[in-house]
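If you want the building blocks of each chain, they are given just below.
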Amino acid sequence: MSESATLAIDAKAKALQAAGEDVIGFGAGEPDFPTPAPIAEAAAAACLDPRNHKYTPAGGLPELKEAIAAKTLRDSGLSVVAAQVLVTNGGKQAVEETFATLLDPGDEVLLPAPYWTTYPECIRLAGGVPVEIPTTWESGFRVSLEQLDAAVTPRTKVLLFVSPSNPTGAVYSPSEVVDIGRWAVARGIWVVTDEIYEHLVYGDARFTSMPSVVPELADTCVVINGVAKTYAMTGWRVGWMIGPADVIKAAANLQSHATSNVCNVAQRAALAAVSGDLSAVAEMRAVYDRRRQTIVSMLNDIPGVRCPMPEGAFYAFPSVTEVGRRLGVATSLELAAKVLDEARVAFVPGEAFGAPGYARFSYALADDALEEGITRMAKLVGG
């Protein structure tokens, strides 16, 4: 397995910062907001409750699973029961356990690119084969039914579907979600849909949960989600997977041997998060929306940069091929190294996401740092 490129860039930037360097990091997809106070207070109280000092069910606290089911109905329109929920150590464990449960060696997974860097590694770890399907600027980084048809083989087992997207910020329309879901049903292909950015959509874009609008997918769909992005809880490490009861039971068996239960204090914090209202989320989303417009405008002012307006998540995903040529480097990987070394600005190169020539800039950082970072890059490029 290769190292997570996003965490590697973030680690290098933080190491330079620890050495006294003034580095601005656009690397990690991590909200800069603190976890909302009521959630942290629930965790503090949980520390003093002796119930949380002991082992609890490996698949999650029963009350948290019930709350996740209720939250899923509220936010996605998808009706599930607690037995269809498995609480995991962050979304990454949910991704890994989903593919470990669904895939046999040699099974193929359709993977639209650009994609989050962890997906192909988890597929390979489970013995599967990621089949990359490139999308383009012109298509809004959204895959078409024709592309999906062309990629299917007798070994195709799963389609990985992500909307809103990390790293592109693309959001599929409700009709596109329906069409792709029905396509998967017609071909007997499982869908794994990652909904971690469900609440981070902007403008006219709308989040649509595929199994909610294509109910015939119920027996062949796994939903991945968590509290990390919505509630600014990346460090609490609580995610979940939702799916058919037999899939969830198999994944829970795996988790019982791999990690057992998620930290009880973190689960109590997650319970407060998913049971509460979304007012804090709305406030954070408004700030992200402002930063989204700022960073896209500033990036497009740099000669050689082309950046579409993301509709969701909190990433800008510009084309930087021409910038690389101006600076005498051949790849976005080399460009990222040069910009970090010479401008002390960190971003993740497109190679990490199956998209050479592009770069991912997280705008989940303070406004002044965002503006200073893009200004430094513009000066380096000569814009």
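Let me sum up the structure you'll find in this document. (Residues numbered from 1 in each chain as written. Predicted model: local features only at pLDDT ≥ 70, side-chain atom pairs only at ≥ 80, totals over all residues. Heavy atoms only, no water.)

1. Let's talk about the packing of helix α3 (residues 62-76) against helix α10 (residues 264-275)
Helix-helix packing: each pair is described by the crossing angle between the helix axes and the interaxial distance.
Point 1. Running from N to C, α3 and α10 cross one another at 25°; their axes reach a closest spacing of 9 Å. Our classification of the angle between α3 and α10 gives roughly parallel. Between α3 and α10 lies a crossing of left-handed hand. Two secondary-structure elements touch here, α3 through Glu63, Leu64, Ala67, Ile68, Lys71 and Arg74 and α10 through Gln267, Arg268, Ala270, Leu271, Val274 and Ser275.
Point 2. When grouped by side-chain class, the residues that make up the contact of α3 with α10 number six nonpolar, two polar and four charged. (Axes fitted to C-alpha atoms, helices over the stretch in contact; angles between N-to-C directions. Helix = DSSP H or I, 4+ residues; strand = E, 2+ residues; numbered from the N terminus. Parallel < 35°, antiparallel > 145°, perpendicular 65-115°, else oblique. Left-handed = near helix turned anticlockwise from the far one by under 90°. Contact = heavy atoms within 4.5 Å. Nonpolar A, V, L, I, M, F, W, Y, C, P; charged D, E, K, R; others polar.)

2. A look at α10
Point 1. Between its terminal C-alpha atoms α10 stretches 16 Å, which fits the 16 Å expected from 12 residues at 1.5 Å a residue.
Point 2. Counting buried residues along α10, 10 of its 12 residues qualify, which places the element largely inside the surrounding structure.
Point 3. If you check which residues of α10 are buried, you get Asn264, Val265, Ala266, Gln267, Arg268, Ala269, Ala270, Leu271, Ala273 and Val274. (Expected span 1.5 Å × (residues − 1). Buried < 20%, exposed > 50% of the residue type's maximum accessible area, 1.4 Å probe, protein only.)

3. As for the packing of aromatic side chains
Point 1. Taken as a whole, this structure holds 13 aromatic pairs when the rule is applied.
Point 2. Ring centres of Tyr197 and Phe314 lie 5.5 Å apart, and the angle between their planes is 85°; on these two criteria the pair is classed as edge-to-face. Pair noted here: Tyr197 is in the loop between β6 (190-194) and α8 (210-213) and Phe314 is in the loop between α11 (279-300) and β9 (315-316), with a separation of 117 residues, a long-range link. As far as burial versus exposure is concerned, Tyr197 and Phe314 are alike and both buried.
Point 3. An aromatic cluster of at least three residues, connected via ring pairs, comprises Phe33, Tyr197, Tyr288, Phe314 and Tyr315.
Point 4. Sitting above the plane of the Trp137 ring, Arg306 keeps its charged end 4.2 Å from the centroid. (Phe/Tyr/Trp six-rings, centres within 6.5 Å; stacked < 30°, edge-to-face > 60°. Lys NZ or Arg CZ within 6 Å of the ring centre and 35° of its normal.)

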